[in-house]
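Summary of the model geometry
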Amino acid sequence: MAQNLSEYCGAVIRSIIGIALALSICNAGLIAYVPLVVVTILIVVPIYRLSPLHPLYGFPGPVLYRISELPMFYHALRGTRHLAVKRFHDSYGSIVRTGPNTVSLTSMDAIRQIYTSSHALNKTTAYDMHSIKGEGLFFIKDKATHVRRRRIWNRSFSEEALSGYRGPMVSQIQNLMHWLLKRSEQDGKVDLVRIIPQYAYDSTNAVFFSGHAFSPSLLDSDDAEHIVAEASGYFAAFEFLGHAQTIFPILKRLPGISRFLNSRGDGGQPKLPYNDLPIESETVLIGASDTVGTMAIFAMYFLLANPKWVEILRQELDSTFHRDSINDHLDVLDKLVLLNAFIQETFRLGMAFPGLPRIVPPDGLFVNGRYIPKDTCVNVPVWTHHVDETYYPDAYTFDPTRWIKDGTYSRSAHVILTFGGGAFNCVGSKLAYAQLRIFLANLLMHLDFTATSNFDAARFWNGVRNCRATSFLEPLCVRVVPRKH
Ligand code: HEM
């Protein structure tokens, strides 16, 4: 009954706004209706959203955020949403109303129900493509439709496909090492925040587009056309505005079709519609590069802030490989306990991400002991979960050993949401792990890094921002020389 009443009130208020808007737009003479619209929006809507008539009335949360999306937009713009949501959970507990129609939940039960169970929820309209043409895997909101497209993508991430990507990955890491040494020699230092994303985009270009997405390589041109910044900006714009821009400058350079997405459907498997190739290509280029680049920067930051791990990882690598033969035995990297634990801990603390929104189905959702009404936007805040002391004691300490038990590395020791979860999880996660392994193993085996004198670990950490894309307010400057011992 209460549910019906609140739905009724919501409908009435939406109608009032609609009628007022229609009147003021249709009849220019009725200028008097403009104040009505303003009054409705500024007074009636907030009162309704705070009132017992609103379906989310009983959920605790900061008043301003219950009234309007604007405070969260402000945090999105500043890249501080993950910090704000964490503060709210510290104050209000495991369920917080973080927006007029949004509830944030922490708990394993919430992760299971929202993301990983067979009844996991669909994506929200935050994933709408709006004016973008075609249909892209990342943007498909409905699980049933999504599963069909995902089958096409999965072929590109089979073990066989992944081993085929090693050659291009190795050549790109070699180019990165060349430029690290060269720029460091030329300028006395090199900023990892600038150079690593260039390497990540080059790597994706080489792996998926045979180098045709752009040319010359970003490392070779020092990203003269600011492709990294533009692509990352579009990524953030998608998050901030709720939709991505139509045209990516990079797309203009694509011969059109990525190698793997263009592969013909064989054996009765579905084939990707031609019109969807551009958006899927953009998804690969940005989705695979921005994220891997960010994690590689974090990995270097954690090494510089925790130098003992340079020695620990080198001991493991030196006792396993001869320095010059590492790239001939890349499959062995999967088995290195310390290296993989280090990467997993990087993925935990490097994910400054607020959440992955999902929509509550018509039957509602019962989670964390509460009933959440239909059409509510729910999510588990990734950053808040990753620094939850319940699951990660001493959570803000970078400690890869938390992933090691009885001498064995276990990724499943704790659940992390770095790659999402369930049906919509990251299709490229295996590739991301492989890239981080190759990146760290090569750099540690071949190069010595020294942070410049003004390196301040706390200042760098405090300058991390996230609006789906992660940005760094501080540089991460190092001197690089060939490894001496
Ligand atoms: C460390 C690197 C990476 C991180 C942290 C990451 C993170 C994520 C997350 C959290 C999601 C779920 C997004 C959501 O539900 O809104 C996702 C989805 C996705 N990622 Fe990644 N990703 C990484 C690397 C990659 C790579 C290498 C690719 C390769 C193409 C890729 C392609 C995708 C695609 C296509 C989706 C959509 C999957 C679907 O809806 O089925 N990602 N990623």
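Residues numbered from 1 in each chain as written. Predicted model: local features only at pLDDT ≥ 70, side-chain atom pairs only at ≥ 80, totals over all residues. Heavy atoms only, no water.

The name an unreviewed UniProt entry gives the chain is Cytochrome P450, with Mycena venus as the organism. The chain has a UniProt comment under Cofactor (unreviewed entry) that states "heme". (UniProt positions renumbered as here; feature names shortened; annotations may be inferred.)

Attention now goes to the environment of G167. Within the secondary structure, G167 is located in helix α9 (residues 166-187). Accessibility expressed as a relative area gives 46% for G167, which makes it partly exposed. For the pair G167 and N327, spaced 160 residues apart in the sequence, the C-alpha separation amounts to 8.9 Å. (Helix = DSSP H or I, 4+ residues; strand = E, 2+ residues; numbered from the N terminus. Buried < 20%, exposed > 50% of the residue type's maximum accessible area, 1.4 Å probe, protein only.)

A few words now on the coordination of the iron atom of the ligand. In this structure, the iron atom of the ligand receives exactly one donor atom from the protein: C426 (SG), at 2.3 Å. As for its position among the elements, C426 is in the loop between β10 (408-409) and α19 (429-446). (Donors = N, O, S within 2.8 Å, 3.2 Å for Na, K, Ca; no water.)

Turning next to the sheet that holds strand β4 (residues 190-191). What holds strands together in a sheet is hydrogen bonding between their backbones, with the strands either parallel or antiparallel. An order of β4-β14-β11 is seen for the three strands of this open sheet, with the pairing classed as antiparallel. The open sheet has two free edges, formed respectively by β4 and β11 (447-451), since each of these has just one partner strand. Where β4 lies against strand β14 (residues 477-482), two bridges are found, and the strand directions are antiparallel. Across the sheet, the residue bridging to V190 is V478, located in β14. Each of β11 and β14 is contacted by α19, which is oriented at about 90° to β11, the strand it contacts most. (Pairing = 2+ DSSP bridges. Contact = heavy atoms within 4.5 Å. Axes fitted to C-alpha atoms, helices over the stretch in contact; angles between N-to-C directions.)

What follows concerns the site of the ligand. Around the ligand sit 28 residues in total, of which Y127, H146, R150, R358 and C426 are the nearest. In this structure, an oxygen atom belonging to the ligand sits 2.7 Å away from a side-chain N or O atom of R150. Within the side chain of R358, a nitrogen or oxygen atom sits 2.9 Å from an oxygen atom of the ligand. Of all the secondary structure elements, the ones that give two or more residues to the shell around the ligand are α7 (143-154), α14 (277-305) and α19. Broken down by element, the shell around the ligand gets its largest block of residues, six residues, from α14. Partitioned by chemical class, the residues of the shell around the ligand number 16 nonpolar, eight polar and four charged. (Near = heavy atom within 4 Å. Polar contact = N/O pair within 3.5 Å; in protein donor to acceptor, adjacent residues only side chain to side chain. Nonpolar A, V, L, I, M, F, W, Y, C, P; charged D, E, K, R; others polar.)

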